[in-house]
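Here is what each chain is made of, one letter per residue.
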Amino acid sequence: MTTVRVAVPVLQGTKKFVFDKGRPWTVIEHSLLASIAQGAQSFLNLQQGSNLPRRVLVEAIVRLMRVGWVELLDVGSNMNFQTTPSGTAAATLRELPSPLTRHKQRRSFVIDQISGTVFRRRQLPFHHEYHIQDLEKRDANIIRISRPEKENAGDATSLLHVLFEEDEQFVAFDGGGERLMERWALVVVRDGIVDGLPSHASEELTTTILEAARSYKPKSHGQVPQTVTARFQVKPPRLDEVPCRFMNSELVIGGTEHKSVLIDAIKKARHRIIIHSTFISEERFKDVLSNLRIALDRGAMIDILWGQETDSSGKNPSRQAALNIRKQMTGSNIDRLRIHTSSTHSHSKILISDQGRANEFVCYIGSCNWLSSDFQSFEVSATIKNSNLVADVFSKLAEMCRSPNGHFSRLSEEYMKLAATVAKNRFEQSGSSRIALVYGPMHKDLILRARDEVQTEAFICSHRMSPASGPLVLSAMVAAASKQDRLVKIFYGRTSGGLSSEDAAALVRDDMGTGVNVQPIFDPRLHAKVLAWDNDNLVISSQNWLSADPPTDKPLSEIGLFINSKNIASHFKERFQMSLRS
């Protein structure tokens, strides 16, 4: 039997969490308590009146009995359920008293630096550097996987998912974030089989460990410790399509509609508004300030985020605008208007607001820079009301707001809590549409998917066109157009990246012979970023399809939505053509 110990680079952290434990009351349980409060009833009567499955009804009654609100009444040969005095009083309340209890507890975790997977400490025990060195000196059949240069600190969603049970809900971190410490996990490989890894360990980690074990060579006298470099490329995130209802009217198309959506979202909000705009303009911010002040007076917390990068000369207009706006802000409740002065390094455009009730949010994702646009360009965004997707957007915002060293900022904590709260409201979705959050390399995957799936027409709309667009997008569209009876239409608003107007014109002429129709659009100004194919597939994003791909080390630099819904692509293309004629 051949046994090799593989030292895997990990990060070890310990945080003190504040969390609520227990399961909130459901509408079913509240309705059941109200029904019993009206008069004692048998189990059969309750089942017939509620039309609930037997198991669900039993679980609900047991919970109500455990807190002392319902008791069993023996009436001759019949057994009826009736409310206790405290149960009768609870039944009259708009919301049942919370059964949750608050806890504070330190929890340790380990993050493997190969794939970023989070483990509980006991799932993947760690060792200090001196222990690994000692094993190497004793020739203990050990080989290291080299620690990657870029720290892979996992993601917020995984951290909460692994560390919390089903009946626990994250509230906050208690105290500052401790530094993540570099440690090693020892994994044993026996005869080519990895032993002892937790079941949720990634395929990338397992494959890398096996490669390292195969690279091990029995140590000769005086040989230096053995180390291998992890060569396995982490798999890109998978498109997670959520079934739901989506109507064509939930597309926001054109500058005027975007302006109306922004003002309406601010006017309806009572609790939370989050605006992520790649760029911030002082002038545009002043245009909405009066409405923001009204929202503040209603008690809303408002976050203004931006993602512009600092240029080569060290200037960042959006950061300067944010600083200037903060200096100018005065008045009551202004502490709830938080204008952040650090970039998220994301080109995404996101608007989230509640609709008058806490923890019920609507989200808009698309091409519009909400706080720098004059709303004169052709834009497109999509409305998200699905709680699964909204929770995922909060999780991505939490990641975008982490500090450069991977620690969770206070803002990240808040968004993690909102993600967890909204996620608790999830229910089985229904509807014939499917929607997925798109980010990072998913954009490239969708270009290839459109190439392979298109039956009639592929359509691309991009604000910018640069030389970087050639290798993937145009070649994929040429391949799509080469199929019989396939049309490909590409529209762009301006050139960039050193591509001159003459070069673009030459590119258009070259592509005419391939069946790809490339056309510049100058009126209206084109700022929308869209990929569509056939009638039912539409991708709306912040990603300029005809420009460079999102960097692999910044997957959240571009965010969009994939929508599969009946005639959604046809509807958008009709609106686009109407804008050209107006």
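Presented here is an overview of the structure given in this document. None of the values given here were measured: they were computed from a predicted structure. All residue numbers refer to positions counted from 1 along the written sequence of the respective chain. Given that this is a predicted model, residues contribute local features only at a pLDDT of at least 70 and side-chain atom pairs are listed and counted only at 80 or more, while totals for whole chains, interfaces and linings are drawn from all residues. Remark: hydrogens and water are excluded; side-chain values derive from all non-hydrogen atoms of the structure.

Overview of the environment of Q41
Where we set the bar: Segments assigned H or I by DSSP are reported as helices when at least four residues long, segments assigned E as strands when at least two residues long, and all are numbered from the N terminus. Partly exposed describes any residue whose relative accessible area lies between the buried limit of under 20% and the exposed limit of over 50%, with all areas from a 1.4 Å probe on protein chains only and scaled to the type maximum.
Structurally, Q41 is set in strand 2 (residues 41-42). Taking relative accessible area as the criterion, Q41 reaches 17% and is therefore assigned buried.

Quick notes on the layout of surface pockets
Filter applied, for reference: Buriedness for pockets is judged along seven lines, at least five of which must meet protein on both sides within 12 Å for an open set on the 1 Å grid over protein atoms alone, while cavities are sets there where a 1.4 Å probe fits but cannot get out, and lining residues have an atom within 4 Å of a point. Grid points are joined across faces, edges and corners, and a volume is the space filled by probe spheres set on the points.
In this structure, the second largest pocket occupies an estimated 710 Å³ of space. The wall of the second largest pocket is formed by 32 residues, among which T278, F279, H347, R464 and N544 lie closest to the centre.

Side note on the sheet that holds strand 26 (residues 537-541)
Put simply, the rule reads: Whether two strands pair comes down to DSSP finding at least two bridges between them. Note on method: axes are straight lines fitted to C-alpha atoms, helices fitted across the in-contact stretch only, with angles between N-to-C directions ranging 0 to 180 degrees. Only heavy atoms enter the contact rule, under which two residues are in contact if any of them lie within 4.5 Å.
Read across the sheet, 8 strands follow the order 13-21-27-26-25-22-23-24 without closing on themselves; strand pairing throughout is mixed. Edge strands, defined here as strands with exactly one partner in the open sheet, are strand 13 (242-244) and strand 24 (516-520). Here the average twist between neighbouring strands, direction ignored, is 20°. Contacting strand 13, strand 21 (433-439) and strand 27 (559-564), helix 11 (residues 387-400) crosses the sheet at an angle of about 5° to strand 21.

As for the packing of helix 1 (residues 27-37) against helix 3 (residues 54-66)
What counts is decided by this rule: Our angle categories are set so that under 35 degrees counts as roughly parallel, over 145 as roughly antiparallel, 65 to 115 as roughly perpendicular, and the remainder as oblique. Throughout, the ten residues Ala, Val, Leu, Ile, Met, Phe, Trp, Tyr, Cys and Pro are labelled nonpolar, Asp, Glu, Lys and Arg are labelled charged, and all others, Gly among them, are labelled polar.
Orientation of helix 1 relative to helix 3, taken along the N-to-C sense of each, is 70°, at an axis distance of 10 Å. The orientation of helix 1 relative to helix 3 falls into the category roughly perpendicular. Residues E29, L32 and L33 of helix 1 pack against L57, A60, I61, R63 and L64 of helix 3. Tallied by class, the residues present in the contact of helix 1 with helix 3 amount to 6 nonpolar, no polar and 2 charged.

Examining helix 9 (residues 282-297)
Cut-off, in case you're wondering: Here the expected length of a helix is defined as 1.5 Å per residue gap, with one fewer gap than residues. One fitted axis covers the seven residues ending at a residue, a second covers the seven starting there, and the bend at that residue is the angle between these axes. Whenever two N or O atoms come within 3.5 Å, that pair is a polar contact, provided that in protein one can donate a hydrogen and the other can accept it, and provided that, for residues adjacent in sequence, both atoms are side-chain atoms.
Compared with the 22 Å implied by 1.5 Å per residue over 16 residues, the 22 Å span of helix 9 between its first and last C-alpha is a close match. The axis of helix 9 is deflected most strongly, by about 45°, at L289. Every buried residue of helix 9 is accounted for by F285, V288, L289, N291, L292, A295 and L296. Taken together, the buried residues of helix 9 touch helix 8 (255-268), strand 15 (272-277), strand 16 (301-306), helix 10 (317-328) and strand 17 (337-339). Where helix 9 begins, the capping side chain belongs to S281, and its oxygen is found 3.3 Å from the backbone nitrogen of E283. With its phi angle positive at about 105°, G299 sits one or two positions after the end of helix 9.

As for unusual backbone geometry
With an omega dihedral of 5°, the bond running from D523 to P524 counts as a cis peptide bond. Relative to the elements of secondary structure, P524 occurs in the loop between strand 24 and strand 25 (530-533). For F375, which is not glycine, the phi dihedral falls at a positive 60°. Topologically, F375 is positioned in the loop between strand 19 (361-366) and strand 20 (380-384). Using a relative accessible area of 11% as the deciding quantity, one classes F375 as buried. Not every positive phi belongs to a glycine, and D485 is a case in point at roughly 60°. On the secondary structure map, D485 appears in the loop between helix 14 (470-481) and strand 23 (487-495).

Quick look at the sheet that holds strand 19
Strand order across the open sheet formed by 7 strands is 14-20-19-18-15-16-17, with mixed pairing between neighbours. Each edge of the open sheet is held by one strand with a lone partner, namely strand 14 (251-253) and strand 17. Direction aside, neighbouring strands of the sheet carry axes that sit 15° apart on average. In this fold helix 12 (residues 410-424) packs onto strand 15, strand 16, strand 17 and strand 19, with an angle of close to 120° to the strand it touches most, strand 15.

Some thoughts on the packing of aromatic side chains
Short version of the rule: Two aromatic rings, drawn from Phe, Tyr or Trp (for Trp, its six-membered ring), form a pair once their centres lie within 6.5 Å of each other, and the interplanar angle then sorts them: stacked below 30 degrees, edge-to-face above 60, tilted otherwise. Charge over a ring is defined by NZ of Lys or CZ of Arg lying within 6 Å of the ring centre and within 35 degrees of the ring normal.
Overall, the coordinates contain 16 aromatic pairs when judged by the stated rule. Centroid distance F17 to F170: 6.3 Å. Interplanar angle 75°. Geometry classified as edge-to-face. With F17 in strand 1 (residues 3-21) and F170 in strand 9 (residues 168-173), the pair connects residues that are 153 residues apart, well separated along the chain. Ring-pair connections join several aromatic residues into one group, and the members of that group are F378, F459, F491, F572 and F576. When the ring centre of F19 is taken as reference, the NZ or CZ atom of R107 above it lies at 4.5 Å. Above the plane of the ring of F164 lies R107, whose end atom (NZ or CZ) is 5.1 Å from the centre.

Shape is all these values report; function is a separate question.
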